[in-house]
Amino acid sequence: MESEPRKGAAGKARDVAVAMSVRVAEALSKDVGRGIGRMDPADIERLGAEVGDVILVSGNKKTAVRVMPAYAEQRGSRLLQIDGITRENAQVGLDEKAIVEKTQGRAAQAIVLSPLAAGGGMRSEKDSRYLGRLLEGLAVTEGDRVRATLFGSRFQDFLVVETVPRGVALVHPTTSIKISEQKTA
Amino acid sequence: MSLDLGLGGIFKGLGNFIELLEEMTEEGKQEITRAGKFKGPGRTEAMYGFTVKIGPEGMPRVGRFGNVRETEMGAVVEEVREPMVDVFDEGNEVVVIAEIPGVQESAIRLEVKEDVLLLSADDKDRKYSKEVLLPCAVLADSVKSSYRNGILEIRLTKASTEGN
């Protein structure tokens, strides 16, 4: 199989889909919590996207992930490999259909998180800076569950209560992370 | 007497600090550094230390360095992180994808030696380093990379394409 030379964004518009229906498949275990979705590179190209771009995943809800190439054995069958957290955020199950499309994330100025399980030891401002570092790069939308994997294999899940600006927000080194004590149902 | 508020630790630290200043005064030192190292889980290495400098007005200034920070959850080692890396063998190219969030693109360094890619990034307070073994030798001057949303894509041309 020969790979085609890449075309510029304004190059020949061949078979570029705005949105695409994909079948949801299990993520690789090493990808859990990373906020990524793996797709066949040919499908990524068809979406007009490139590796690292943000794509919107629509099941019964919408969420966003950064797209990465799937490994050879998972290519050719229009799969989207996402972990259980993203599946929950998109309200879609394994083997179900989801719609993917390229979107633009904006740098988050601030995000407000609410710890989702007991034992959340992260409260202080110092901790929220450390937390920001753990979540860096993630594309988040309001209502998402996100996972911060702490040193070692411990993790803490949070609900994204708010993002500034609203919509798909990317966690940057300058993003201010606020931890809300607000109880979530 | 020990207080359960960590005060004992602080006083002990201060005691040592004063001893250190005395030592500096006695020996006429302007600057003194203390550092230590220990192994963390996996292949991480924790390094910590501080430097005390006597300023022009005789005021000591303390600077901390290393990759250990205190949080409410205890000491946290900020290792030189090994990024998550994928290597794909794609026809006449080798594609390496690395997740290195939080750095400027200009802080990323890539170096190719036959079938090894050395990837490192050294930004203000974020450090990454990884030696990636490639499936075959690649052309050192063929490195093309793009960095989007913390994900670095590196495309390398295989050195010999005749063996397909």
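Predicted, not measured: the structure shown is a model, and the values here were computed from it. (Residues numbered from 1 in each chain as written. Chains lettered and ligands numbered in written order. Predicted model: local features only at pLDDT ≥ 70, side-chain atom pairs only at ≥ 80, totals over all residues.)

With that settled, the discussion passes to the sheet that holds strand β12 (residues 151-157) of chain B. Residues and elements named next belong to chain B. On the basis of which strands lie adjacent, the open sheet formed by four strands has the order β6-β7-β12-β11 and antiparallel pairing. Both outer strands of the open sheet, β6 (84-90) and β11 (144-148), are each paired with one neighbouring strand and no more. Sheet twist, expressed as the mean angle between neighbouring strand axes with direction ignored, is 15°. Across seven bridges, the pairing between β6 and strand β7 (residues 93-99) is antiparallel. Considered in β7, the bridge of M84 is made with E99. (Pairing = 2+ DSSP bridges. Helix = DSSP H or I, 4+ residues; strand = E, 2+ residues; numbered from the N terminus. Axes fitted to C-alpha atoms, helices over the stretch in contact; angles between N-to-C directions.)

Residue and element names in this part refer to chain A. Split by domain assignment, chain A resolves into domain 1 (19-103) and domain 2 (106-179). On a C-alpha basis, the centroid separation for the pair domain 1 and domain 2 is 21 Å. With twelve residues of domain 1 at the contact, the number on the domain 2 side is nine residues. Every element with two or more residues in the side of domain 1 that touches domain 2 is listed here: β4 (62-69) and α2 (84-90). Residue contributions to the side of domain 1 that touches domain 2 peak at five residues, all from β4. Within the side of domain 1 that touches domain 2, the residues separate by chemical class into four nonpolar, five polar and three charged. (Domains from an automatic or database assignment. Contact = placed C-beta atoms within 7 Å. Nonpolar A, V, L, I, M, F, W, Y, C, P; charged D, E, K, R; others polar.)

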